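For reference, the chains in residue letters:
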Number of protein chains: 2
Amino acid sequence: MSTLRRATPEEQFAELTRAAVDVHVAEELKARLKKSYDTEKPLVVKAGFDPTAPDLHLGHTVLLARMRRFQDFGHTVVFVIGDFTGMIGDPTGKNATRPPLSPEDIARNAETYRQQVFKVLDAATTQVRFNNEWLGKLSSRDVIYLAAKYPVARMLERDDFKRRFKEGRTISIHEFLYPLMQGYDSVALKCDVELGGSDQLFNLLVGRDLMRDYGLIPQMVVTGPLLEGLDARWEGGKLVGDKMSKTSNNYVGISEPPLTIFSKLMSVSDELMWRYYALLSSKSSTEIASLKRDVHPMEAKKLFAAEMVTRFVSAKEAVEARAEWERVHTRGDLPTEIETKALRAPEGKIGVLKAMTDTGLSESNGEARRLIVQGGVTIDGNRVSDTKLELNRGDYVFKVGKKRFLKVHVE
Amino acid sequence: MSTLRRATPEEQFAELTRAAVDVHVAEELKARLKKSYDTEKPLVVKAGFDPTAPDLHLGHTVLLARMRRFQDFGHTVVFVIGDFTGMIGDPTGKNATRPPLSPEDIARNAETYRQQVFKVLDAATTQVRFNNEWLGKLSSRDVIYLAAKYPVARMLERDDFKRRFKEGRTISIHEFLYPLMQGYDSVALKCDVELGGSDQLFNLLVGRDLMRDYGLIPQMVVTGPLLEGLDARWEGGKLVGDKMSKTSNNYVGISEPPLTIFSKLMSVSDELMWRYYALLSSKSSTEIASLKRDVHPMEAKKLFAAEMVTRFVSAKEAVEARAEWERVHTRGDLPTEIETKALRAPEGKIGVLKAMTDTGLSESNGEARRLIVQGGVTIDGNRVSDTKLELNRGDYVFKVGKKRFLKVHVE
């Protein structure tokens, strides 16, 4: 461990469990961090990932950000790719979306992972492991030993199994083996800590139980929340709204253009911004507290948006994105001076052509289409090229031609 | 197939399913017997056995007798010893009676099996196979494929699992794998028919299901009943009472002395004798029907007892046992002339000393003990040597000294 990283165990604990949903078991984790600090022996921290082709958005990086925090404190992070089950696919053949993956598929997907996750994780120290390395070697007898460690009734307590069992939907017996095998990953790696999403809590605790059964010290488990989408609202003292997903179109993809990332993040509410800070920023809690105290929220938001562009693209692009965003939003007309028009979107979204025509930015849908095709329309600083673009509820700054600005409030 | 064995498919079906509990599926079994007859290709018939040290009684031989009937018609019988699970034992460690068996244990037990089962089966044509041969070779991936073939809910329908699940008693997941692995035996052997006790029906049907899943023609399943014990009573037109077991002390061990086997079988009711004929005798149904019609039940019983002594010991011993039994039971006093005394046994059993004293066969327990030690007491033709012998409810013919006969009815 570098001396730079020698934060106290208490400081480490506070940062590592920041905005966590579950910590099993807090006191034990503190004790292990203390021991690691005293002995200068890093903890082994695991997180498991499907071997499917990843196309990550900000929500996926919540976990990666926590893994990175462990790395920053000098701990050993193991990125486990679940190629064993991936190579099996769905043996019942019922799930067409889970055909078996070839070793070539797995290798290709793993490479795609590397390209994306090392934008967050430290490539130099991350251990990437494939669980077929140990699971593929288990004999039928080993699998029986493994299965003997866990009771049917407890497995049926897992939310999705419980629901399917209650509803009389089929659960094949091999589905009970998967959580055990994922748990066996922790046995094979002798993990100190496993990280995951809060929806993975059951599986992570299986790993904890199994380690005890195999005579190892059970791992600690820390889960993080599913990230709120860009459109989350602040209601009754909390954030409400769909979780970030492609389907809900309320996401920031980590491979999007810099200005898009920057602009999307600038569109969120102040409350959501502070939530994103807690879950995603590499700034310490102390730094975040000082931003909150001393800096205008608009500036804090720009700093966060720039941090994300820096992370996913580059520092240079972050500077340029900020400048471009500011040029659009402050030059010519100050934001307060831009006229605002409201539009109703009864189904939650409205097409760009209709939005332009209804607000008077164009005379007709035909003219709106021409303006877009000619490249004369930007929204939040991004040139619009798709005439079928749909706008969700939220605020959009339209620029049409060189001078016409309009803030459109879709509600 | 020898021409001697060329019974018609209809005749075969009748004999092979004699006194069966379940036949899955009768019409299909007939069709397969027909095809086997036409093509002269024997059916492959499997029965599985635990690799524990066997000490067989007549109840265990019901299954063997049915296997033998298949052999007599020229079919191929595979005697599968479940060494795979035996070598694993109980991985939960909860079942002290199921420690893992070493290969040496297994080999020793298998030899003990051979010595006993070949009193019923044809040693020359029986195939003895150990399922570790194929189950031990399965990989973790193979086990997942196997487990994927069967739903959790259906496994929980098995009586014992259902009961334990309902009562909140632990079922470990590996217990779900055992029926699948036993079923896989049928896949590996491409069985036409599997035989077992009626308590094994669920497991046998798993084998049937799995064969279908592995693209094979599903096996037929024939189960036989658990044999009624020697003390079964004829009530309301049916046999009632405990099944034959050592615990209930209502059994005939296949390694008991010839006269004991003969005498015990002579003590059963006529109805029970005909039941034993159907389940155990190698006589055809036609022969049994003719015995029933033309022969006195006492003679039929002697023939059956002699058949069993011949099977388990030798023809010579059977002749001798019959002669000795008849000498005791017919010389001096005809059975009908023997005085009968009744004794109450409130706890279901009474010591031999007390029985003798209470019925006046001796003046005191002390005298009874002396008579026994001097070798002067026989019960049902067997010399009593154990002064602690306990008599269960039932009828016993005591002979004390050379002339004193008394029938004791313990109730």
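Owing to the predicted nature of the structure, the values given are computational and were not obtained by experimental measurement.

(A) Examining the overall build of chain A more closely. Secondary structure assignment for chain A yields 18 helices and 15 strands. Considered along the principal axes of its C-alpha atoms, chain A spans approximately 75 × 55 × 45 Å. Residue pairs at least 24 apart in sequence account for 69% of intrachain contacts in chain A once pairs closer than 6 positions are excluded. Surface exposure of chain A reaches about 19,100 Å², of which carbon and sulfur atoms provide 51%. Within chain A, the 57 negative side-chain charges are centred at a point lying 1 Å from the centre of the 61 positive side-chain charges.

(B) Main features of the side chain of N250 of chain B. Residues and elements named next belong to chain B. Relative to the helices and strands, N250 resides in the loop between strand 8 (238–240) and helix 12 (258–266). N250 gets classed as buried once you look at its relative accessible area, which sits at 1%. When near neighbours in sequence (up to four residues on either side) are disregarded, N250 contacts G229, L230, D231, D242, K243, M244 and S245.

(C) Structural context of the interface of chain A and chain B. At the interface, 35 residues of chain A touch 35 residues of chain B. In total, about 2,800 Å² of surface goes out of reach between chain A and chain B, with carbon and sulfur atoms giving 75% of it. Here chain A and chain B share zero salt bridges between them. Applying the counting rule to chain A against chain B returns 16 residue pairs in polar contact (both at pLDDT 80 or more). Secondary structure elements with two or more residues in the side of chain A that touches chain B: helix 4 (83–88), helix 6 (132–135), helix 7 (140–148), helix 8 (152–155) and helix 10 (174–189) of chain A. In terms of residue class, the side of chain A that touches chain B is made up of 25 nonpolar, eight polar and two charged.

(D) How the structure looks around the relation of the copies chain A and chain B. Note on the identical chains: chain A maps onto chain B by a rotation of 179° and an axial translation of 0.3 Å, with an RMSD of 0.4 Å. Taken together, the turn and the small shift mark the pair as related by a two-fold rotation axis. Taken together, the interface assignments show that 100% of the residues at the interface of chain A recur at the interface of chain B, consistent with an identical surface on both copies.

(E) Inspection of the sheet that holds strand 5 (residues 193–197) of chain B at higher detail. Residue and element names in this part refer to chain B. Spatially, 1-6-5-2-3-4 is the arrangement adopted by the six strands of the open sheet, whose pairing is mixed. Looking at strand neighbours, the two that pair on one side only are strand 1 (22–24) and strand 4 (127–130), the edges of this open sheet. For this sheet, the mean angle separating the axes of adjacent strands, direction not counted, is 20°. Pairing between strand 3 (residues 76–81) and strand 4: four bridges, direction parallel. Following the sheet pairing, F79 is matched in strand 4 by V128. Seen against the sheet, helix 10 (residues 173–189) touches strand 2 (44–49), strand 3, strand 4 and strand 5 and runs at an angle of roughly 150° to strand 2.

(F) Broad picture of the packing of helix 1 (residues 9–16) of chain B against helix 2 (residues 26–39) of chain B. Residue and element names in this part refer to chain B. For the pair helix 1 and helix 2, the least separation of the axes is 9 Å and the interaxial angle reads 130°. Here helix 1 lies oblique to helix 2, going by the angle between them. Crossing of helix 1 against helix 2: the hand is right-handed. Contact residues: helix 1 offers P9, Q12, F13 and L16, while helix 2 offers A26, L29, K30, L33, K34 and Y37.

(G) Quick look at the packing of aromatic side chains. Taken as a whole, this structure holds 19 aromatic pairs over all chains when the rule is applied. Measuring from centroid to centroid gives 5.0 Å for Y277 of chain A and F304 of chain A, while their planes differ by 55°, and the two rings are tilted. One end of the pair, Y277 of chain A, is in helix 13 (residues 270–280); the other, F304 of chain A, is in helix 15 (residues 297–312), with 27 residues separating them in the sequence. With a centroid separation of 4.1 Å and an interplanar angle of 10°, the aromatic rings of F49 of chain B and F79 of chain B are classed as stacked. In this pair, F49 of chain B sits in strand 2 while F79 of chain B sits in strand 3, placing the two residues 30 residues apart along the sequence. Here the aromatic cluster, defined as three or more aromatic residues joined through ring pairs, consists of W274, Y276, Y277 and F304 of chain A. In this structure, K149 of chain B is placed above the aromatic ring of Y214 of chain B, and the distance from its NZ or CZ to the ring centre is 5.4 Å.

(H) Representation of helix 1 of chain B. The set of residues buried in helix 1 of chain B consists of P9, Q12, F13, E15 and L16 of chain B. Looking at the packing, one finds that the buried side of helix 1 of chain B touches strand 1, helix 2, helix 3 (61–72), strand 6 (220–224) and helix 14 (285–294) of chain B.

(I) Broad picture of the sheet that holds strand 9 (residues 340–343) of chain A. Residue and element names in this part refer to chain A. Across the sheet, which stays open at both edges, the five strands sit in the order 9-15-14-11-12 with mixed pairing between neighbours. Each of the sheet's edge strands pairs with one partner strand only, and the pair in question is strand 9 and strand 12 (382–383). Judged from the three bridges that link them, strand 11 (residues 377–379) and strand 14 (residues 394–400) form a sheet pairing that is antiparallel. Each residue of the ladder has a partner; that of I379, found in strand 14, is F398.

(J) Up close: the environment of F165 of chain B. Locating F165 of chain B in the fold gives a position in helix 9 (residues 159–166). If we skip the residues at most four places from it in the chain, F165 of chain B touches A153, L156 and F165 of chain A together with L156 and I171 of chain B.

(K) Summary view of unusual backbone geometry. A cis geometry characterises the amide bond from H24 of chain A onward to V25 of chain A, with omega recorded as 0°. Topologically, V25 of chain A is positioned in the loop between strand 1 (22–24) and helix 2 (26–39). At E40 of chain A, a position not held by glycine, the phi torsion is positive, near 60°. As for its position among the elements, E40 of chain A is in the loop between helix 2 and strand 2 (44–49). The phi torsion at K190 of chain B lies on the positive side, around 50°, for a residue other than glycine. Assignment of secondary structure puts K190 of chain B in the loop between helix 10 and strand 5.

(L) Representation of the pattern of salt bridges within the structure. As enumerated under the stated definition, the model contains 62 salt bridges over all chains in all. Across the salt bridge formed by D38 of chain B and K34 of chain B, the nearest N and O atoms sit 2.8 Å from each other. With a gap of four residues between them, D38 of chain B and K34 of chain B both fall in helix 2, about one helical turn apart. Linking D294 of chain B and R293 of chain B is a salt bridge whose minimum nitrogen-to-oxygen distance equals 3.4 Å. Grouping residues by exposure puts D294 of chain B and R293 of chain B together as exposed. A single network of salt bridges, built from pairs that share partners, joins E299, K302, R322 and E326 of chain A.

(M) Looking closely at the confidence of the model for chain A. Residue and element names in this part refer to chain A. Across chain A, pLDDT averages 90, with 96% of residues at or above 70. Across residues 332–336 the pLDDT falls below 50, and counting only partners more than four positions away or on other chains, this stretch makes six contacts in the model. Note on the complex model: pTM 0.77, ipTM 0.76.

(N) Up close: the packing of helix 10 of chain A against helix 7 (residues 140–148) of chain B. At a closest axis distance of 8 Å, the pairing of helix 10 of chain A and helix 7 of chain B adopts a crossing angle of 140°. Residues H174, L177, Y178 and M181 of chain A of helix 10 of chain A touch helix 7 of chain B, and the partners they reach there are S140, V143, I144, A147 and A148 of chain B. When the residues that make up the contact of helix 10 of chain A with helix 7 of chain B are grouped by side-chain class, the tally is seven nonpolar, two polar and no charged.

(O) Fine view of the side chain of N392 of chain B. With respect to the element layout, N392 of chain B can be found in strand 13 (residues 390–392). Ignoring anything within four residues of it in the chain, the contact list for N392 of chain B reads S248, N249, G348, K349 and V410 of chain B.

(P) Fine view of the pairing of strand 14 of chain A. Across the seven residues that make up strand 14 of chain A, a large majority, five, are buried. Linkage of strand 14 of chain A to strand 15 (residues 404–410) of chain A, two consecutive antiparallel strands, is achieved through a turn of three residues, within which G401 of chain A is found at a positive phi near 65°.

(Q) Examining the environment of N109 of chain A more closely. Counting through the fold element by element, N109 of chain A comes out in helix 5 (residues 103–117). When near neighbours in sequence (up to four residues on either side) are disregarded, N109 of chain A contacts P51, T52, A53, P54 and L101 of chain A.

(R) Broad picture of helix 7 of chain A. Of all the positions in helix 7 of chain A, only S140, V143, I144, L146, A147 and A148 of chain A are classed as buried. On its buried side, helix 7 of chain A packs onto helix 10 and helix 11 (201–213) of chain A together with helix 4 (83–88), helix 6 (132–135), helix 7 and helix 10 of chain B.

Definitions and cut-offs
- The written sequence of each chain sets the order in which its residues are numbered from 1.
- Here chains are named by letter from A upward and ligands by number from 1 upward, in the order in which they appear as written.
- Per-residue local features of the predicted model are confined to residues with pLDDT of at least 70, and side-chain atom pairs are confined, for both listing and counting, to 80 or more; whole-chain, interface and lining totals are unaffected and use all residues.
- Computation of side-chain values covers all heavy atoms of the structure but excludes hydrogens and water.
- A run of H or I in DSSP becomes a helix once it reaches four residues, and a run of E becomes a strand once it reaches two; helices and strands are each numbered from the N terminus.
- Residues are treated as being in contact if the distance between any of their heavy atoms lies within 4.5 Å.
- In short, Shrake-Rupley with a 1.4 Å probe defines the accessible areas, and a residue's cover is counted only from the protein chains shown.
- The charged-residue count follows a simple rule in which Lys and Arg add positive charge and Asp and Glu add negative charge, with His and chain termini not counted at all.
- Every charge is mapped onto a representative atom, which is NZ of Lys, CZ of Arg, CG of Asp or CD of Glu.
- Burial classification: accessible surface area is computed with a 1.4 Å probe over protein chains only, and a residue below 20% of its type maximum counts as buried, one above 50% as exposed, and the rest as partly exposed.
- Joining two parts hides part of their accessible area as seen by a 1.4 Å probe, and the buried area is that hidden amount summed over both.
- Definition used for salt bridges: Asp or Glu carboxyl oxygen within 4 Å of a side-chain nitrogen of Lys or Arg.
- Counted as a polar contact is a pair of N or O atoms within 3.5 Å, where, for protein atoms, one must be capable of donating a hydrogen and the other of accepting one, and residues adjacent in sequence contribute only when both atoms are in side chains.
- Residue type decides the class: Asp, Glu, Lys and Arg count as charged, Ala, Val, Leu, Ile, Met, Phe, Trp, Tyr, Cys and Pro as nonpolar, and the leftover types, Gly among them, as polar.
- Superposing copies: least-squares fit, C-alpha atoms only, residues required to have pLDDT of at least 70 in both.
- Paired strands are those between which DSSP finds at least two bridges.
- Helix axes are fitted to C-alpha atoms over the stretch in contact, other axes to C-alpha atoms as well, and angles between N-to-C directions run from 0 to 180 degrees.
- An angle counts as roughly parallel when it lies under 35 degrees, as roughly antiparallel when it exceeds 145, as roughly perpendicular when it falls between 65 and 115, and as oblique in every other case.
- Crossing chirality is assigned from the near helix's rotation relative to the far helix, an anticlockwise turn below a right angle marking it left-handed and a clockwise turn marking it right-handed.
- Working definition: rings of Phe, Tyr and Trp (its six-membered ring) pair if their centres are within 6.5 Å, and the pair is stacked with planes under 30 degrees apart, edge-to-face with planes over 60 apart, and tilted otherwise.
- Two conditions define a charge located above a ring, namely a distance within 6 Å from the ring centre to NZ of Lys or CZ of Arg, and an angle within 35 degrees of the ring normal.
- Per-residue confidence from the predictor is reported as pLDDT, a score between 0 and 100.

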